[in-house]
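Structural characterization, general
Chain by chain, the residues run as shown.
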Amino acid sequence: MDYGGDDVSVVKRSVSRTYNVYRGTSPATQNRLESRIRELEDALDAERDGRVRAEKSVTELSFRLEQVQDSLDEQGSSTSAQIELNKKREYEINKLRKDLDLANAQFEAAEASLRKRHNESVNDL
């Protein structure tokens with residue numbers, strides 16, 4: 001592999017800067033830097049754990065959301081079926097009411113006719 005001269009020089013400068021930082025440091029400074037690195041690594045681990053927990057929660061909540069949506073769809077379809085059934089029953093009840101009113105009117109007309117005949121027969125006697 002042929003790396004460009006610019007890339008190699010950038011890497012060399014970066015390495016030499018790092019080396020210079022560590023080469024001229026005292027043990028106390030080095031301990032502080034190592035301590036800071038551990039703190040940052042711990043924070044990174046905690047961040048990764050939090051991300052994993054969050055992704056797991058998102059997955060579980062997505063699953064529950066799908067279940068609730070499916071349940072809602074089922075309830076909606078059964079509700080619409082119930083509404084249709086109620087409409088049919090209401091139509092049948094209205095039809096029966098009309099038939100009952102018609103039968104009552106016919107009965108009252110027949111009763112009035114029979115009363116009239118009866119009264120005429122009684123008057124003729």
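Report follows, based on the coordinates.

Each value, and the rule that gives it
- Residues numbered from 1 in each chain as written.
- Predicted model: local features only at pLDDT ≥ 70, side-chain atom pairs only at ≥ 80, totals over all residues.
- Heavy atoms only, no water.
- Salt bridge = Lys/Arg side-chain N within 4 Å of Asp/Glu carboxyl O.
- Helix = DSSP H or I, 4+ residues; strand = E, 2+ residues; numbered from the N terminus.
- Buried < 20%, exposed > 50% of the residue type's maximum accessible area, 1.4 Å probe, protein only.
- Patch = residues over 30% accessible without salt bridge, like charges linked within 9 Å, V, L, I, M, F, W, Y side chains within 5 Å.
- Areas by Shrake-Rupley, 256 points an atom, 1.4 Å probe, with all protein chains shown as cover.
- Lys, Arg positive; Asp, Glu negative; His and termini not counted.
- Charge placed at Lys NZ, Arg CZ, Asp CG, Glu CD.

What about the pattern of salt bridges?
- All told, the structure shown has three salt bridges when counted by the stated rule.
- Residues Arg 36 and Glu 39 are paired through a salt bridge, measuring 3.5 Å at the closest nitrogen-oxygen approach. Placement of both Arg 36 and Glu 39 in helix α2 (residues 27-124) is noted, with a separation of three residues, approximately one turn of the helix.
- In this structure Glu 39 comes out as partly exposed when scored by relative accessible area, which is 44%.

A look at a negative patch on the surface
- Among the surface-exposed residues, Glu 66, Asp 70, Asp 73 and Glu 74 lie close enough to one another that they form a single negatively charged patch.
- Counting through the fold element by element, Asp 73 comes out in helix α2.
- When its relative accessible area of 54% is taken as the criterion, Asp 73 is described as exposed.

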